[in-house]
Each structure stands twice: as C-alpha cells, then as structure tokens.
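# Notes for the structure review
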Amino acid sequence: MCHINFSLSVIQTLVNQKLVKIKNTGAGFFIELEDAK
C-alpha cells in the first residue's frame, strides 16, 4: 500500500463530482474511487 498526497481542493472537487468516497479510518483518511457505471 502506498500513500499519495493530494491537495484538499483536488479532493474536494472529486468528492463534489461524486468520483470518490472518503472514509475516516481513525488513523487517517481512505479515499475510494467510485465504480464507474
């Protein structure tokens, strides 16, 4: 597993476009790509 750093504005844009989901794992945040349908 690797860590990738994104700017918050990029993540916010992806979330707004419903492209990703963010889960708070307690030890950090896990970003999951939405399934393209």
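All of the points below concern the structure found in this document. (Residues numbered from 1 in each chain as written. Predicted model: local features only at pLDDT ≥ 70, side-chain atom pairs only at ≥ 80, totals over all residues. Heavy atoms only, no water.)

Each regular strand displays side chains that alternate between the two surfaces of the sheet. Inspection of the sheet shows strand β1 (residues 20–24) paired to strand β2 (residues 29–33) by 5 bridges, in the antiparallel sense. Looking at β2, one finds that N24 is bridged to F29. Hairpin geometry of β1 and β2 is characterised by an intervening segment of 4 residues between the two adjacent antiparallel strands and by a positive phi of about 95 degrees at G26. (Pairing = 2+ DSSP bridges. Helix = DSSP H or I, 4+ residues; strand = E, 2+ residues; numbered from the N terminus.)

Our focus in this paragraph is the environment of I31. Relative to the helices and strands, I31 resides in strand β2. Separated by 20 residues in sequence, I31 and I11 have C-alpha atoms that sit 8.9 Å apart. With near-sequence residues (within four places) excluded, I31 lies in contact with F6, I11, V20, K21 and I22. (Contact = heavy atoms within 4.5 Å.)

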